Amino acid sequence: VLCAREVQSKIALTHAIGSRKPVLLPPDTANLMPYPPQPRNFRVGISASHQIVKQWASPEGYIECITALARQIHSLGADILFLPNEYDPSKADNDVAVCRELQSALAAQNIPSTILDAEHITSTQLKNEIAACEVIVASRYHTCVAALSSGTPVLVLGWHYKYQELLSLYSQTSWLIRQDACDSEKLVSLFQRFWQLREENRASIEAQIPLVRQKVIAAGQVLYGEVL
C-alpha cells in the first residue's frame, strides 16, 4: 500500500507504478500533531522561507512585498512574529537569515518585530507559538499544517501545488497568492480582506479539523492494520 499526500502526487505515482498497487490519498500526518489550547495573542506570525526566495518569479521582490505587508500589520496595532522553519547554520541560505533580513528592513522603517528562536525549541513548542497567533502568513508548508490543524487562519504565499491542496482540505482556497503573481499591492489588499474575515475563517477551519483527522486515521488503519 502506498500513500500520496496530494492529488497531483498520486497521479504522478500512479503513472510511475501503474495500477498494480493501491495509492491512498490521506492528508499529511502532521495534521494529527497534538497541542494544548493556546490563549491568542494579538500578533501576526509570518513564516518566512529561503525556498520561496529561490522560487520567486514576480517583478517586485519577496522582501519588498513582506515589508509592505508588515507596514499594514503594524498599522493594525498587531505584533509581528517571524517564524523560521528550516535552519542549518552551516548554510548561508536558511530561514533565519531571511527573517533577519526582513527584520532589518522593518527596523529601518521603525517597525518592531521578533524572530522566534526556533533553533532552541521543540516542534511542539513551535506549534504552540503558531497556534497562539491571531493569524498566520506562511510560505512554509508545515507552518500551514500547524496553523490549520490548530484552527488558526492562514494566508499562503506559496510556489507549489501542495499549498492549494492543503488549503482545500480546510475550505480556505481563497487565501493563496502564488510567487509568480504577487506584488505588494495585491498582497496587502488580500491580507485586508483576510484580516476582516478571520473569525469566519477560523470557524470554517475548526469545522473541518475532525474530518481531516479522520482521513489521516483511516489511511493509517489501512497502512498499519490496526486501530490508531
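Coordinates for the structure precede this section.
Criteria and thresholds
- Residues numbered from 1 in each chain as written.
- Predicted model: local features only at pLDDT ≥ 70, side-chain atom pairs only at ≥ 80, totals over all residues.
- Heavy atoms only, no water.
- Pairing = 2+ DSSP bridges.
- Helix = DSSP H or I, 4+ residues; strand = E, 2+ residues; numbered from the N terminus.
- Contact = heavy atoms within 4.5 Å.
- Axes fitted to C-alpha atoms, helices over the stretch in contact; angles between N-to-C directions.
- Buried < 20%, exposed > 50% of the residue type's maximum accessible area, 1.4 Å probe, protein only.
- Phe/Tyr/Trp six-rings, centres within 6.5 Å; stacked < 30°, edge-to-face > 60°.
- Lys NZ or Arg CZ within 6 Å of the ring centre and 35° of its normal.
- Right-handed = clockwise from strand over helix to strand, strands pointing away.

Asks: So what exactly am I meant to see when it comes to the sheet that holds strand β5 (residues 114–115) here?
Replies: Consider a sheet: its strands pair through backbone hydrogen bonds, and that pairing is either parallel or antiparallel. Reading across from one edge, β5-β4-β3-β6-β7-β8 is the order of the six strands in this open sheet, with parallel pairing throughout. The two strands at the open ends of the sheet, each matched to only one other strand, are β5 and β8 (176–178). Looking at chain direction, strand β7 (residues 154–158) and β8 are connected through three bridges and run parallel. Each bridged residue has a counterpart across the sheet, and for Leu157 the counterpart in β8 is Ile177. Contacts from helix α8 (residues 184–196) reach β3 (43–47), β6 (135–138), β7 and β8 within the one sheet, and its direction differs from that of β7 by about 160°.

Asks: Looking at this structure, how should I read helix α7 (residues 161–169)?
Replies: Quick reminder: α-helices carry 3.6 residues per turn. Residues three or four places apart thus point the same way. Turning to α7, its buried residues are Lys162, Tyr163, Glu165, Leu166 and Leu167. Those residues of α7 that are buried are in contact with α1 (7–17), α6 (141–148), β7 and β8. The positive-phi residue at the C-terminal boundary of α7 is Ser171, with phi of around 60°.

Asks: Please clarify how unusual backbone geometry should be interpreted in this entry.
Replies: Of all residues except glycine, most have a negative phi; of all peptide bonds, most are trans. In this model, Asn110 sits at a positive phi of 60°, which is unusual for a non-glycine residue. Tracing the backbone shows Asn110 in the loop between α4 (95–107) and β5. With a relative accessible area of 67%, Asn110 lands in the exposed category. Of note, the phi angle at Ser171 is positive, near 60°, even though the residue is not glycine. As for its position among the elements, Ser171 is in the loop between α7 and β8.

Asks: Would you mind going over the packing of aromatic side chains with me for this structure?
Replies: Two aromatic rings are characterised by how far apart their centres lie and by the angle between their planes. Taken as a whole and judged by the stated rule, the model has six aromatic pairs. Look at Phe42 and Trp195: their rings are 5.6 Å apart centre to centre, the planes differ by 70°, and that puts the pair in the edge-to-face class. Residue Phe42 is located in the loop between β2 (23–24) and β3, and its partner Trp195 is located in helix α8; the two are separated by 153 residues in the primary sequence. Accessibility expressed as a relative area gives 40% for Phe42, which makes it partly exposed. Grouped by ring-pair contacts, the aromatic residues Phe42, Trp175, Phe191, Phe194 and Trp195 constitute a single cluster. Just above the ring of Trp195 sits the side chain of Arg198; from NZ or CZ to the centre is 4.0 Å.

Asks: Got a minute to help me understand the pairing of β7 in this structure?
Replies: Every other side chain in a regular strand lies on the same face of the sheet, so the side chains alternate between the two faces. With respect to burial, β7 is a largely interior element, five of its five residues being buried. In β7, alternate side chains face the same way, and those of Val154, Val156 and Gly158 on one face and Leu155 and Leu157 on the other are all buried. Viewed along the sheet, the connection from β6 through α6 into β7 turns out right-handed. As for the winding sense of the linkage, the β-α-β connection from β7 through α7 to β8 is right-handed.

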